[in-house]
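Report on the structure
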Amino acid sequence: MTAEKRDIAVKAVIITEFGAEPLLTDIPVPQPGPGELLVRLHAAGLNPFDWKVAEGALKGVAEHEFPLVMGSDGAGVVADVGPGVTRFRPGDTVYGQFMDVRHGRGSYAEYVLTVEDGKVARMPDGLPFSVAAALPTAGATAYQAIEAARLDTGHVILINGASGGVGQSAIQFAALQGARVLATATSDIADHLRDLGADRTIDFTSAPTAEQVLAAHPDGIDAVLDLITHPGGDIDTLAGLLRPGGTFISTNYATDPEGLAAREIHGVNLANDPSREELEALAALTAAGRLRITIDAEIPLDDAPAAVTRARSGHARGKTVILP
Ligand SMILES: NC(=O)c1ccc[n+]([C@@H]2O[C@H](COP(=O)([O-])OP(=O)(O)OC[C@H]3O[C@@H](n4cnc5c(N)ncnc54)[C@H](OP(=O)(O)O)[C@@H]3O)[C@@H](O)[C@H]2O)c1
């Protein structure tokens with residue numbers, strides 16, 4: 001490193017080991033190396049994956065560097081580029097997924113380093129940073145899940161866990177395909193989910209979801225997007241709602257595709273993996289007002305540790321956005 005190439009000290013929310021409480025602190029961030037961008041983040045989106053990773057969800061899957069900056073999703077302005085970067089320039093507004101556990105990098109920070117070939121895309125004019133930061137993980141997961149559902153006009157899909165970040169976008173993508181959406185919701189958010197495109201809401205606190213769906217659709221439905229059940233949980237009850245040829249998608253690796261195939265059900269364990277083109281398309285759709293993102297709360301970076309604690313206890317009604 002030359003004398004000019006010094007680290008900068010930035011505020012970030014880190015964990016020092018798996019399971020540690022998130023901590024706001026100063027960390028050094030080096031200037032970008034070959035192929036890297038330094039992004040000044042203006043907003044970071046909170047996802048359940050962030051605190052699951054902090055608890056060790058990727059332990060054994062990838063090496064982690066500690067201190068590990070929490071968070072994946074973010075939006076901001078390119079502050080500097082390293083040698084060989086051709087796709088981005090300082091001043092570009094960008095958004096995407098910035099989590100890189102191998103290098104301890106994440107989006108709950110004032111600045112983040114990323115690689116130009118990473119999951120980062122330019123933002124369209126007019127899209128606020130907070131909305132862009134709310135998009136990458138939830139929006140891409142919803143989009144890819146609805147693609148996996150292979151819906152046709154008039155098909156019926158149950159979205160289990162529809163009131164959160166993924167669910168609200170998934171309702172809109174399914175409705176855009178001409179499907180009829182059954183969305184689980186408590187009464188406080190039912191009107192909003194119908195406004196987003198749900199055909200019908202199901203209050204899962206008044207009677208079991210499957211019973212209510214079966215009463216309305218005794219011949220079965222075409223797809224289930226399950227955002228709730230975790231591995232080892234009961235997926236049979238919801239999978240039992242599907243017609244032969246139907247699709248069951250889990251975002252929590254709860255399905256057993258082989259077991260479901262024996263019942264003529266297509267099982268998918270979805271891991272979101274948006275391409276740059278998909279990120280650009282999501283942002284364009286949102287900027288054009290065709291995908292509506294509900295921001296539940298906007299909070300300063302100092303409050304991010306408390307927001308993580310709140311997120312762990314559930315009850316999301318949209319996206320929490322951190323403003324570093
Ligand atoms: N595999 C992937 O690539 C991927 C990507 C994104 C997300 N995910 C996972 O997908 C899940 C959803 O993500 P998200 O970002 O949408 O989470 P979220 O924003 O926290 O939303 C979850 C929603 O589910 C509701 N809920 C909880 N228990 C329920 C139940 N029994 N029946 C119906 N609704 C219920 C919650 O509200 P109440 O608590 O008030 O009921 C909340 O509104 C998470 O487990 C996340 O880790 C996976």
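Let me sum up the structure you'll find in this document. One numbering rule holds for all chains: residues counted from 1, following each sequence as written. Two thresholds apply to this predicted model, a pLDDT of at least 70 for residue-level local features and 80 or more for giving and counting side-chain atom pairs, whereas whole-chain, interface and lining totals are computed over all residues. The side-chain figures draw on all heavy atoms in the structure; neither hydrogens nor water molecules are used.

1. Let's talk about the site of the ligand
- In this text, near means that some heavy atom of the residue lies within 4 Å of the molecule or strand in question. Every one of the 23 residues lining the ligand counts as a neighbour, but Lys-52, Leu-270, Asn-272, His-315 and Ala-316 are closest to it.
- Under this definition, polar contacts are N or O atom pairs within 3.5 Å; protein pairs additionally need one hydrogen-donor-capable and one acceptor-capable atom, and for neighbouring residues in sequence, both atoms have to be side-chain atoms. With respect to the ligand, the side chain of Ser-163 contributes an N or O atom lying 2.8 Å from an oxygen atom.
- Between an oxygen atom of the ligand and a main-chain N or O atom of Val-166, the distance comes to 2.9 Å.
- Relative to its unbound accessible area of 920 Å², the ligand is 83% covered by the protein chains.
- Each residue is assigned to one class: nonpolar for Ala, Val, Leu, Ile, Met, Phe, Trp, Tyr, Cys and Pro, charged for Asp, Glu, Lys and Arg, and polar for all the others, Gly among them. Here the residues of the shell around the ligand sort into eight nonpolar, 13 polar and two charged.
- Two domains each donate at least three residues to the shell around the ligand, and these are domain 1 (8-135 + 293-323) and domain 2 (137-269). Values of accessible area rely on a 1.4 Å probe in the Shrake-Rupley scheme; residue burial ignores everything except the protein chains shown. Segmentation of the chain into domains, including their bounds, is taken from an automatic or database domain assignment.

2. Here we look at the nonpolar core
- Counting residues in hydrophobic clusters, the biggest one holds 47 residues, and the most contacted among them are Tyr-95, Ile-157, Ile-159, Ile-171, Leu-193 and Leu-225.
- Broken down by secondary-structure element, the contributors of at least two residues to this core are α2 (129-134), α3 (136-148), β9 (156-160), α4 (165-176), β10 (180-184), α5 (187-196), β12 (221-226) and α9 (276-287).
- For this core, the domains that each give at least three residues are domain 1 (8-135 + 293-323) and domain 2 (137-269).
- Note on contacts: a residue pair is in contact if any heavy atoms of the two residues lie within 4.5 Å. Beyond its immediate chain neighbours, meaning those up to four positions away, Ile-157 contacts Ile-146, Ala-149, Leu-151, Ala-174, Ala-179, Arg-180, Val-181, Leu-182, Ala-223, Val-224 and Leu-225.
- We call a set of buried Ala, Val, Leu, Ile, Met, Phe, Trp, Tyr and Cys residues a nonpolar core when their side-chain atoms join them within 4.5 Å. Buried means the residue's accessible area, taken with a 1.4 Å probe over protein chains only, is under 20% of the maximum for its type, while exposed means over 50%, and partly exposed covers the values in between. One finds Trp-51, Met-70, Val-101 and Ala-307 within the second-largest nonpolar core, a separate group that totals 19 residues. Helix numbers and strand numbers start at the N terminus; a helix is a DSSP run of H or I with at least 4 residues, a strand a run of E with at least 2.

3. What about the packing of aromatic side chains?
- The criterion for an aromatic pair is that two Phe, Tyr or Trp rings (for Trp, the six-membered ring) have centres within 6.5 Å, with stacked assigned to planes under 30 degrees apart, edge-to-face to planes over 60 apart and tilted to the rest. With the rule as written, the count across this model stands at two aromatic pairs.
- With a centroid separation of 5.2 Å and an interplanar angle of 90°, the aromatic rings of Phe-18 and Phe-66 are classed as edge-to-face. A residue pair is termed long-range when its members are at least 10 positions apart, and Phe-18 in the loop between β1 (8-15) and β2 (23-29) and Phe-66 in the loop between α1 (48-55) and β4 (68-69) qualify at 48 residues.
- Overall, Phe-66 belongs to the partly exposed group, its relative accessible area being 30%.
- Seen from their ring centres, Tyr-143 and Phe-173 are 5.5 Å apart, and the 75° between their planes marks the pair as edge-to-face. With Tyr-143 in helix α3 and Phe-173 in helix α4, this pair connects stretches of sequence that are 30 residues apart.
- Classification of Tyr-143 by relative accessible area gives partly exposed; the value is 30%.
- Remark: a charge is flagged as sitting over a ring if the NZ atom of Lys or the CZ atom of Arg is within 6 Å of the ring centre and within 35 degrees of the ring normal. Above the ring of Tyr-111, the side-chain terminus of Arg-40 is found at 5.5 Å from the ring centroid.
- A cation over a ring is seen here: Lys-52 above Trp-51, with NZ or CZ 5.8 Å from the ring centre.

4. Looking at the sheet that holds β10
- Across the sheet, which stays open at both edges, the six strands sit in the order β11-β10-β9-β12-β13-β14 with parallel pairing between neighbours. Since the sheet does not close on itself, it has two edges, and those belong to β11 (200-202) and β14 (266-269), each with one partner. Looking at each pair of strands side by side, their axes are set apart by 15° on average, direction ignored.
- Inspection of the sheet shows β9 paired to β10 by four bridges, in the parallel sense. Pairing of Leu-158 across the sheet is with Leu-182, part of β10. What makes two strands pair is DSSP finding at least two bridges between them. What counts as an axis is a line fitted to C-alpha atoms, over the stretch in contact for a helix, and the angles between N-to-C directions run from 0 to 180 degrees.

5. A look at the pattern of salt bridges
- The term salt bridge refers to a pairing of a side-chain nitrogen on Lys or Arg with a carboxyl oxygen on Asp or Glu at a separation within 4 Å. Tallied over the full model, the rule gives 13 salt bridges.
- The closest approach of N and O atoms between Asp-188 and Arg-317, which form a salt bridge, is 2.7 Å. Taken as a pair, Asp-188 in helix α5 and Arg-317 in the loop between α10 (304-312) and β16 (319-323) lie far apart in primary sequence, 129 residues in all.
- Here Asp-191 ties to Arg-194 by a salt bridge, and the two come within 2.7 Å at their closest N and O atoms. With Asp-191 and Arg-194 both in helix α5 and three residues apart, this pair spans about one turn of that helix.

6. Thoughts on the sheet that holds β2
- The three strands lie next to each other as β2-β1-β4, forming an open sheet whose pairing is antiparallel. Sheet topology places β2 and β4 at the edges, where each strand pairs with a single neighbour.
- Note that β1 and β4 share two bridges and pair antiparallel. Following the sheet pairing, Ile-14 is matched in β4 by Val-69.

7. Side note on the pairing of β9
- In terms of residue burial, β9 counts as a mostly covered element, since five of its five residues are buried.
- Both faces of β9 are covered, namely the face carrying Val-156, Leu-158 and Asn-160 and the face carrying Ile-157 and Ile-159.
- By definition, the crossover connecting two strands over a helix is right-handed if that path, from the first strand to the second, turns clockwise as seen with the strands pointing away from the viewer. Following the backbone out of β9, through α4 and into the adjacent parallel β10, one traces a crossover that is right-handed.
- Sheet topology places β9 next to β12; four bridges connect them, and they run parallel. Residue pairing across strands places Ile-159 opposite Leu-225, the latter belonging to β12.

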